[in-house]
Number of protein chains: 6
Amino acid sequence: MTLLHLSTWMEVETYLTRSPGIILPIGSTEQHGPTGLIGTDAICAEAIARGVGESTQAIVAPTINVGMALHHTAFPGSISLRPSTLILVIQDTVRCLAQAGFTKFFFINGHGGNVATLKAAFAETYALLADLRLPHAEQVRCQVNNWYMCGSVYKLAHQLYGNEEGSHATPSEVAVTQYVYPQAIKTYPLSPEVSRDHRIYGAADFRRRYPDGRMGSNPALATPDHGRQLYDLAVKDLSSNYLEFLAAE
Amino acid sequence: MTLLHLSTWMEVETYLTRSPGIILPIGSTEQHGPTGLIGTDAICAEAIARGVGESTQAIVAPTINVGMALHHTAFPGSISLRPSTLILVIQDTVRCLAQAGFTKFFFINGHGGNVATLKAAFAETYALLADLRLPHAEQVRCQVNNWYMCGSVYKLAHQLYGNEEGSHATPSEVAVTQYVYPQAIKTYPLSPEVSRDHRIYGAADFRRRYPDGRMGSNPALATPDHGRQLYDLAVKDLSSNYLEFLAAE
Amino acid sequence: MTLLHLSTWMEVETYLTRSPGIILPIGSTEQHGPTGLIGTDAICAEAIARGVGESTQAIVAPTINVGMALHHTAFPGSISLRPSTLILVIQDTVRCLAQAGFTKFFFINGHGGNVATLKAAFAETYALLADLRLPHAEQVRCQVNNWYMCGSVYKLAHQLYGNEEGSHATPSEVAVTQYVYPQAIKTYPLSPEVSRDHRIYGAADFRRRYPDGRMGSNPALATPDHGRQLYDLAVKDLSSNYLEFLAAE
Amino acid sequence: MTLLHLSTWMEVETYLTRSPGIILPIGSTEQHGPTGLIGTDAICAEAIARGVGESTQAIVAPTINVGMALHHTAFPGSISLRPSTLILVIQDTVRCLAQAGFTKFFFINGHGGNVATLKAAFAETYALLADLRLPHAEQVRCQVNNWYMCGSVYKLAHQLYGNEEGSHATPSEVAVTQYVYPQAIKTYPLSPEVSRDHRIYGAADFRRRYPDGRMGSNPALATPDHGRQLYDLAVKDLSSNYLEFLAAE
Amino acid sequence: MTLLHLSTWMEVETYLTRSPGIILPIGSTEQHGPTGLIGTDAICAEAIARGVGESTQAIVAPTINVGMALHHTAFPGSISLRPSTLILVIQDTVRCLAQAGFTKFFFINGHGGNVATLKAAFAETYALLADLRLPHAEQVRCQVNNWYMCGSVYKLAHQLYGNEEGSHATPSEVAVTQYVYPQAIKTYPLSPEVSRDHRIYGAADFRRRYPDGRMGSNPALATPDHGRQLYDLAVKDLSSNYLEFLAAE
Amino acid sequence: MTLLHLSTWMEVETYLTRSPGIILPIGSTEQHGPTGLIGTDAICAEAIARGVGESTQAIVAPTINVGMALHHTAFPGSISLRPSTLILVIQDTVRCLAQAGFTKFFFINGHGGNVATLKAAFAETYALLADLRLPHAEQVRCQVNNWYMCGSVYKLAHQLYGNEEGSHATPSEVAVTQYVYPQAIKTYPLSPEVSRDHRIYGAADFRRRYPDGRMGSNPALATPDHGRQLYDLAVKDLSSNYLEFLAAE
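This is a predicted model, so every value here is computed, not measured.

1. Focus: the relation of the copies chain F and chain A
Phase 1: Rotating chain F by 180 degrees and moving it 0.0 Å along the rotation axis overlays it on chain A with an RMSD of 0.0 Å. The transformation relating the two chain copies, once decomposed into turn and shift, fits a two-fold axis. Ranked by how close their C-alpha atoms come to the rotation axis, the residues of chain F are headed by Thr85 of chain F, at 3.5 Å.
Phase 2: Mapped onto chain A, 100% of the interface residues of chain F are again interface residues, and the two copies thus contact each other with one and the same surface.

Given below as structure tokens:
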């Protein structure tokens, strides 16, 4: 693994002679229910991205810690970029790296709320690179990979938690954070009743609909050992995806 | 059915006393292969939206004819907004209508490339409405509905066309345009070989990857009668979805 | 006539070998008094643009249905882009078409409120195209043509209606919509007293100043037959203008 | 006259107790042919605005020296804001003054190229002020007044110069600058042949079409005494317009 | 001295054959306490810039009269651009001049509040010029020079006023305006007690913290003769700085 | 210490009952010469921020890893936001936290290039919060604190390194990274000749001026033990600054 922030520019120059690929972890800073860490999505994305970097010898960019979480902002501690801001952040990021010679941008994402904006940003970025007449503009490819949607991860999560997995502040993501930060495992009496809704509109509506922040989940089921298993599966699947992405035209 | 553009403001005022819902067709203006109409996505979305409006007594906004189709812009005749522009268009549109009292925005969409940007736009719009302290800001809900993803439509399309349905310039969407505009049915010798790829990056890459514009599809299979069947199914499914959306909290 | 949305990209490619011109109808979605259709400006622009397209063999782009109508937004059903949004829409639209080879952009406009923003947008677009070093950037010309300002149209409108023509929700524009959509002719008891003011500031001020939405007009004078005459004159004049524009350096 | 820049904030506070009006000169910094000053439009607008301020006891804001002159930027020394930038400048300017209590914004403009963008900016600003729920938002009115379009000015210019007035680098505007800055009168052998065209597209096209920068004008006819007469007429007409604007609802 | 606004484009073309440098005065339009002129910062910057232009034969651009003064906007008469607007203004200004061939941009600044935004704008502008592939993009250099920070000026100000110089509405800047506009010297009984604070946050906080607008200053000490001395020193120092800047690589 | 990303929203809610302060580390991702880590600025800011958080019981936000480093982007691996993007990021970040009740924003910064844009962003953010009529808008204060400018740090750095400290890729910042990441100490033969220049313009100019990325520095002097000392001093000084900031009005 090469962490970009622990490299020198000369090492990056050398890296580029053997690979045009880079892994970019993107998370979010948002409430994850009474026991989930606010950094859950960034923690998971970062840890898994580093695992994938290690297994594939790929360089890993600094984590984008704040994403698109406007719907969580009625809970204190949540921070969100607006989609139009996040588009600019992605655009600025990719273009700097593309100007240096990177062409394969493999985003490892920890937050469902980022996906739409990331895809919009990719489209806007391809157009920008073409406008700039960047030499390798046509070769640039961006791909978003949600670790929690990996086949093996999804399967294990549902084996372990069934429909108590829910869709936000899930035991699977909480488990990964417990594995990564065992010193930060939180406990709190969770109501057994939790909304089975899945609709997301504005922030005030979200808090009314999901009063403690969970969406249909029971994170009390999470254990650090589950986290380790989920982490291992995600790293394995995404490593394979990354290599395929790198090899693809 | 009430078409907004064929109504007076007084009629809209009256409408709002009985319903806060509005249907907004959104399409795209982009190449659809050698035989598909450039307006395919707008044509389908508009026709189906009007059908849904008729069956549910809902008001239908003017069609947003141009969407997010940057990847098609290496083919002449394609027009695209950048995602950041489309976000502003959606924001301006929804806020005007929300200020008038509408709260349920049911977008009927004809183009996969619009989905990510629409979702990003909805998030940005909810936040804007909250910032403006609009009286009904918390009640505003936007939903995107892709007519081609309705269960019954999807099933029939695959019954009729199997894997020749493909993912762009599909026989199912071409069929709907043939039903709506029988006078504009185009013919052209389609190569039996068509890329089975499904990846979408920048515009130049897209044209290289999909030289005649089709993605895995055989639109020669389309008939106006298929179009009628698909249209009927879409209208039925989406009418039901709309009423459910209107009734939901 | 060739409607862009009913064409294939190959047909557009062929068209471009014989002409670099395109007609773009732009309207507005805004109140037009108690009897005028909310879509009046888009309906007139679209119908006349198609007439011009037919008589000149020019291609006609999809109608831009929503324009700059912020001052009408205190009346329900009105939708407006902000000027800065509309500038981006025009810029995105023209640049896509200019990249494909179009250089003569003939906008047929149905709404006075669009004119200033369109002109600003044209200036911004020329600069953008130069920045992009588009091969034909220097040849690109945009022109806005208000159908209601054609000499013959203006003259007939004043013959028919004198000073009851007014300046918004005019009998002449209502007449054209009656000709195009005879099934959507509205009636409502119009007060004989109507403001003779012509000043336009913000939306709340506008509604206070023009309580039923009309500006000095008596649309009750409109007839479908007037509409047909006005339409014919507009098409004739603008067809001639278009050909002159196309031929000009 | 009160010049804002020569006032203290306490004087402005006092002024606001007796008048909500302010005069804002706006010019441009752009080529005006071989003998016209680059600052012509700002010079004329500023001088006339101060004259109007003197005769009406109105406060005069600092001159906006750079406007929308993109089409002149192929000539060295021209500076232009893009329309979207100028909209923001106007918006920021008006909102600061409106928050302080000003409601009547009387722009005295020296450059035709500013008009469209100013009108777009006014519309966008009214909407912004409403969004901000500014107490006096509904009372805010902006008006653009082109000094060269005053009836008496226009008449004298055509009496003096006939069709040699032209439409850019006109003898009338040059005359006013000669009256204001007699020390900066320039001479240069002007070709008697000058384009009678009046079309304006992009900057490169403009320079090709109007090689020395003039549009149909013969500024050699200008004299400082003409300038004085034109100045006097403009001040008289605009003073009367300002008082009417102030008094109007 | 050459004032850009009193030059013709041909004179600028000639100037560029001998120098790529330009001086740009930038001020602000903001309260300067009970006796300071609202235009203080623009007046000082403009006068000194013209002095520097005269002594160095450099061309001087029109003054940017309005800068970044958001924190002063709770006092009537203050006008501010938002930083993001000012960045665009600087960008548009520099790029027009850079396209004409200027490469050395020497800003003479009269307002501390402009500095951060100017520096941000310079960075953004260099990147823009590179994106545009402007021939001389790599040679473009922008520099901000605060006249009040010149060594000799700073020293004299503290000799004359000691700690009554303060940091806003200072006697030194007031003195320069008295020298430039002796007809506009204001008097008002200034409280001997004045906040010695120096912190600047939002506009409402600023007015609460500095009720009459002064920050630790006693402008009653200013005299026109001080102003003349300070002006002379500033012109001398900045002329030398300008020539050094011009000569530097 | 409380790390925001290792907290739950309920813990943040509790924290806010006792303190309105938050520490935000901001760094940069940019070349730091042949031996300096690309993440140097983020690493230092993050480590020191956590130290300050620990000693003051303050909450620490996730690190903003990418800042304003456009001038470094000609070296591979550097990533920069444009100033206008960074302004939006800061604005979005502060407003989310301010809406939750935070009012004291203490940025610990590791990169000189961020300072101007941060200050511009703070001004823009105060204005935004006022526009939003946030209850505590007037209480919001943002402060940027450059760890390397702390008196004690600056003094020790110059004691240890004299004028070999330089101004970029300094031994002091490299030493802190060596203390934090001893496993990532890099060696490379550094030329004893290094530019003593300090000017910063565009990216291409920067690389030409500073070919290996260093500005006057000799990072070979750095040791992990120096890093520990510098870290300790920075934490001590900034802890004291933070408490003062928190207590101040």
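2. Details of unusual backbone geometry
Phase 1: Although it is not a glycine, Gln57 of chain A sits at a positive phi angle of roughly 60 degrees.
Phase 2: A relative accessible area of 44% means that Gln57 of chain A is categorised as partly exposed.

3. What to know about helix H5 (residues 151-161) of chain A
Residue and element names in this part refer to chain A.
Phase 1: Buried residues of H5: Val153, Leu156, Ala157 and Tyr161, and no others. Projected onto a plane normal to the axis of H5, the buried residues spread over an arc of 105 degrees and lie on a single side. Exposed side of H5, more than 90 degrees from the buried face: Gly151, Lys155 and Gln159 are the residues found there.
Phase 2: Gly162 sits one or two positions beyond H5 and adopts a positive phi of about 55 degrees.

4. Section: the sheet that holds strand E4 (residues 104-109) of chain A
All names here are of chain A.
Phase 1: In space, the 5 strands of this open sheet follow the order E1-E3-E2-E4-E5, with parallel pairing throughout. Only two strands of the sheet have a single neighbouring strand rather than two, namely strand E1 (2-3) and strand E5 (141-146).
Phase 2: Note that strand E2 (residues 21-26) and strand E3 (residues 59-60) share 2 bridges and pair parallel. Bridged to Ile22 within E3 is Ile59.

5. Some words on the arrangement of the chains
Phase 1: A minimum C-alpha distance of 17 Å separates chain A and chain D, which share no contact.
Phase 2: Structurally, chain C and chain F remain out of contact, their C-alpha atoms never closer than 17 Å.

6. Thoughts on the interface of chain F and chain A
Quoted interface sizes are often the accessible area lost when the parts come together.
Phase 1: Contact residues are listed per partner, giving 49 residues for chain F and 49 residues for chain A.
Phase 2: With both chains or domains summed, chain F and chain A bury close to 4000 Å², and 66% of this area falls on carbon and sulfur atoms.
Phase 3: Counting the surface chain F buries against chain A, the share from its top three residues, Leu6, Trp9 and Pro76 of chain F, is 18%.
Phase 4: If you look at where chain F meets chain A, you find 6 salt bridges.
Phase 5: Between Arg82 of chain A and Asp92 of chain F there is a salt bridge; the shortest N-O distance is 3.1 Å.
Phase 6: When residues of the side of chain F that touches chain A are traced back to their parent elements, those giving at least two are helix H1 (9-18) and helix H3 (83-100) of chain F.
Phase 7: The dominant element in the side of chain F that touches chain A, judged by the number of residues it contributes, is H3 of chain F, at 9 residues.

7. Section: the packing of helix H2 (residues 40-56) of chain F against helix H8 (residues 224-247) of chain F
All names here are of chain F.
Phase 1: Between H2 and H8, the least distance of the axes is 9 Å, while the angle of their chain directions is 55 degrees. For the element pair H2 / H8, the angle class is oblique. Of the two elements, H2 crosses H8, and the hand of that crossing is right-handed. Contacts from Ala47, Ile48, Gly51, Val52, Ser55 and Thr56 of H2 reach H8 at Tyr231, Ala234, Val235, Leu238, Ser239, Tyr242 and Leu243.
Phase 2: When its residues are assigned to classes, the contact of H2 with H8 shows 9 nonpolar, 4 polar and no charged.

Reading the values: the criteria
- Residues numbered from 1 in each chain as written.
- Chains lettered and ligands numbered in written order.
- Predicted model: local features only at pLDDT ≥ 70, side-chain atom pairs only at ≥ 80, totals over all residues.
- Heavy atoms only, no water.
- Least-squares fit on C-alpha atoms with pLDDT ≥ 70 in both.
- Contact = heavy atoms within 4.5 Å.
- Buried < 20%, exposed > 50% of the residue type's maximum accessible area, 1.4 Å probe, protein only.
- Helix = DSSP H or I, 4+ residues; strand = E, 2+ residues; numbered from the N terminus.
- Arc of directions from axis to C-beta.
- Pairing = 2+ DSSP bridges.
- Buried area = accessible area lost by both parts, 1.4 Å probe.
- Salt bridge = Lys/Arg side-chain N within 4 Å of Asp/Glu carboxyl O.
- Axes fitted to C-alpha atoms, helices over the stretch in contact; angles between N-to-C directions.
- Parallel < 35°, antiparallel > 145°, perpendicular 65-115°, else oblique.
- Left-handed = near helix turned anticlockwise from the far one by under 90°.
- Nonpolar A, V, L, I, M, F, W, Y, C, P; charged D, E, K, R; others polar.

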